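# Summary of the model geometry
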Amino acid sequence: MTARERVAQLVEGFPEIYPGAHCELNFKNPLQLLIATILSAQCTDKRVNMVTPALFAKYRTAQDYANAPQTELENAIKSTGFFRNKAKSIRGATSAIAKLYQGKVPKTMEQLCGLPGVGRKTANVVLGNAFSKNEGIVVDTHVVRLSRRLRLTRRVEPEKIERDLMKLVPREDWTNWSHWLIWHGRRRCFARKPDCSQCEIFRLCPSGKIFLRTGEARKPAAADG
């Protein structure tokens, strides 16, 4: 089976396996999603979602964030890690949004990537989930791991992996593709000891049988009786 054929079957199967797959960062508008995505670097979505309710209640506009003193913002997001850099990125991005875009998060890849502290991954998250625009594919650690295990790429650099995936995955599925792989990575295809014996896409994965044979996967649960 070619990589393209494998992707075609995955695109058909994933909606049945994960019908509710979505971005697991909580947000109500594009600005909130941008802030949450910046905070999610090297941090779990669960932790970000614990921090953002108070943050979103205190800072409501891009100008609010831009006006926030650095140390005040750092203290508000400290538990997400790398808080100094994240606070600097948030203040830089929101300052540019306030000055250049009348306080509204821009809707193009070029404009988003032009904001301080915003890269292609963050831009893809915002475009796909806040604006329903498929401009690229979000490549996080789960997507990197699963794309390689599914033999859809041999690359290790996220932007090169993204280019490989964009050639294989239909454009209308780019945003959902990331959701599907992230959900599968969190629920089944773990970094350590993937649960291959219970995997819903086992027949489509070239790595599953190898992992079971070599002991890299979890041991199958013993049958009752």
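Remember, predicted model here, so these are calculated numbers, not experimental data.

Calculation criteria
- Residues numbered from 1 in each chain as written.
- Predicted model: local features only at pLDDT ≥ 70, side-chain atom pairs only at ≥ 80, totals over all residues.
- Heavy atoms only, no water.
- Core = buried A, V, L, I, M, F, W, Y, C linked by side-chain atoms within 4.5 Å.
- Buried < 20%, exposed > 50% of the residue type's maximum accessible area, 1.4 Å probe, protein only.
- Helix = DSSP H or I, 4+ residues; strand = E, 2+ residues; numbered from the N terminus.
- Phe/Tyr/Trp six-rings, centres within 6.5 Å; stacked < 30°, edge-to-face > 60°.
- Lys NZ or Arg CZ within 6 Å of the ring centre and 35° of its normal.
- 1 Å grid on protein atoms, 1.4 Å probe; cavity = no way out; pocket = protein on both sides within 12 Å on 5 of 7 lines; lining within 4 Å.
- Points joined across faces, edges and corners; volume = space filled by probe spheres on them.
- Nonpolar A, V, L, I, M, F, W, Y, C, P; charged D, E, K, R; others polar.

## Quick word on the nonpolar core
- If you look at the biggest cluster of nonpolar residues, it comprises 38 residues, and the most contacted ones within it are Ile35, Leu55, Tyr65, Ile77, Ile90 and Val105.
- The set of elements that each furnish at least two residues to this core consists of helix H2 (30–39), helix H3 (45–58), helix H4 (62–67), helix H5 (70–77), helix H6 (83–100), helix H7 (109–113) and helix H8 (120–130).
- Ranked by size, the runner-up nonpolar core spans 28 residues in total, among them Leu10, Tyr18, Ala21 and Val139.

## What about the packing of aromatic side chains?
- Here the structure, examined in full by the defined rule, presents five aromatic pairs.
- Where Phe14 meets Trp177, the ring centres are 6.2 Å apart and the plane angle is 80°; that geometry is what we call edge-to-face. With Phe14 in helix H1 (residues 3–17) and Trp177 in helix H11 (residues 174–187), this pair connects stretches of sequence that are 163 residues apart. Per residue, the accessibility class of Phe14 equals that of Trp177, and both read buried.
- By way of ring pairs, the aromatic residues Phe14, Tyr18, Trp177, Trp180 and Trp183 are connected into one cluster.
- Stacked on the ring of Trp183, the Lys or Arg Arg187 has its end atom at 3.8 Å from the ring centre.

## Focus: empty space enclosed by the protein
- A complete count under the given rule lists two cavities of 30 Å³ or more for this structure.
- Taken as a whole, the largest cavity encloses approximately 110 Å³ of empty space.
- For the largest cavity, the lining is made up of 15 residues, of which His184, Cys189, Cys196, Cys199 and Cys205 are closest to its centre.
- For the lining of the largest cavity, the secondary-structure elements that each account for two or more residues are helix H9 (141–149) and helix H12 (208–214).
- The residue makeup of the lining of the largest cavity, split by class, is ten nonpolar, two polar and three charged.
- Here the second largest cavity defines a volume of roughly 30 Å³.
- Surrounding the second largest cavity, Asn124, Gly128, Lys133, Glu135, Gly136, Val138, Thr175 and Ser178 form its lining.
- Contributions of two or more residues to the lining of the second largest cavity are made by H8 and H11.
- For the lining of the second largest cavity, the class distribution of residues is one nonpolar, five polar and two charged.

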